[in-house]
Amino acid sequence: MTMRDTDRALVQAAGAVARLRCRSARHTVAAAARTPQGRVLTGVNLLHDTGDTCAELVTVGAAVTQAAGELETIVAVGDRGREILPPCERCRRVLLDYFPAIRVIVGPMEDPRVLPLADLPAAASA
């Protein structure tokens, strides 16, 4: 799918949150998601010795907490704008269950693309 201006703005929003909030080893990824109405919600990952939570899941939690409704598109960006990160297998499953039609921005920062979540290649195992 072709990147729209709103998709580019979503990457910029995630990058801005990563620059502002991912300044320690506890937070290394930021995510931004957009509703069909254009509302943008963000979140950061939580790294802890009891277990980690991905930025995409924190963003979904924020959307639910704020009664944002459906999410149309999501992107995750590593700290210091290092790269756009595809969702891990757990995040893919949650996103598909909550928002089956969601689109995901993936690829290199200089040339990202948008894909339906269901069309993403299989996640690499850790």
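Note that the structure is predicted; figures quoted are calculated from it, not measured. (Residues numbered from 1 in each chain as written. Predicted model: local features only at pLDDT ≥ 70, side-chain atom pairs only at ≥ 80, totals over all residues. Heavy atoms only, no water.)

A. Representation of the environment of Glu72 in the model. With respect to the secondary-structure elements, Glu72 resides in the loop between α2 (55-65) and β3 (73-78). Judged by its relative accessible area of 22%, Glu72 falls in the partly exposed class. For Glu72, the contacting residues outside a window of four places in its chain are Arg4, Arg34, Thr35, Pro36, Ala101, Ile102 and Arg103. At 3.2 Å, the side chain of Glu72 and the side chain of Arg4 are in polar contact. (Helix = DSSP H or I, 4+ residues; strand = E, 2+ residues; numbered from the N terminus. Buried < 20%, exposed > 50% of the residue type's maximum accessible area, 1.4 Å probe, protein only. Contact = heavy atoms within 4.5 Å. Polar contact = N/O pair within 3.5 Å; in protein donor to acceptor, adjacent residues only side chain to side chain.)

B. How the structure looks around the pairing of strand β1 (residues 29-34). The buried fraction of β1 amounts to six of the six residues, a majority that puts the element mostly inside the structure. Neither face of β1 is open: one carries Val29, Ala31 and Ala33, the other Ala30, Ala32 and Arg34, and all of them are buried. Bridge analysis of β1 against β3 gives six bridges, and the strand direction is antiparallel. Note that in β3 the partner of Ala31 across the bridge is Ala76. (Pairing = 2+ DSSP bridges.)

C. Layout of the pattern of salt bridges. This model, assessed by the stated rule, comprises six salt bridges. Here Arg34 and Asp7 are joined by a salt bridge, their closest N and O atoms 2.9 Å apart. Of this pair, Arg34 sits in strand β1 while Asp7 sits in helix α1 (residues 5-21), placing them 27 residues apart in sequence. Like Asp7, Arg34 is buried. Asp7 is the salt-bridge partner of Arg103, the closest N and O atoms lying 2.6 Å from each other. Pair noted here: Arg103 is in strand β5 (residues 103-106) and Asp7 is in helix α1, with a separation of 96 residues, a long-range link. Exposure class is identical for Arg103 and Asp7. Each is buried. Connected through salt bridges with shared partners, the residues Arg4, Asp7, Arg34, Glu72 and Arg103 form a single ionic network. (Salt bridge = Lys/Arg side-chain N within 4 Å of Asp/Glu carboxyl O.)

That is the geometry; function is a separate question.
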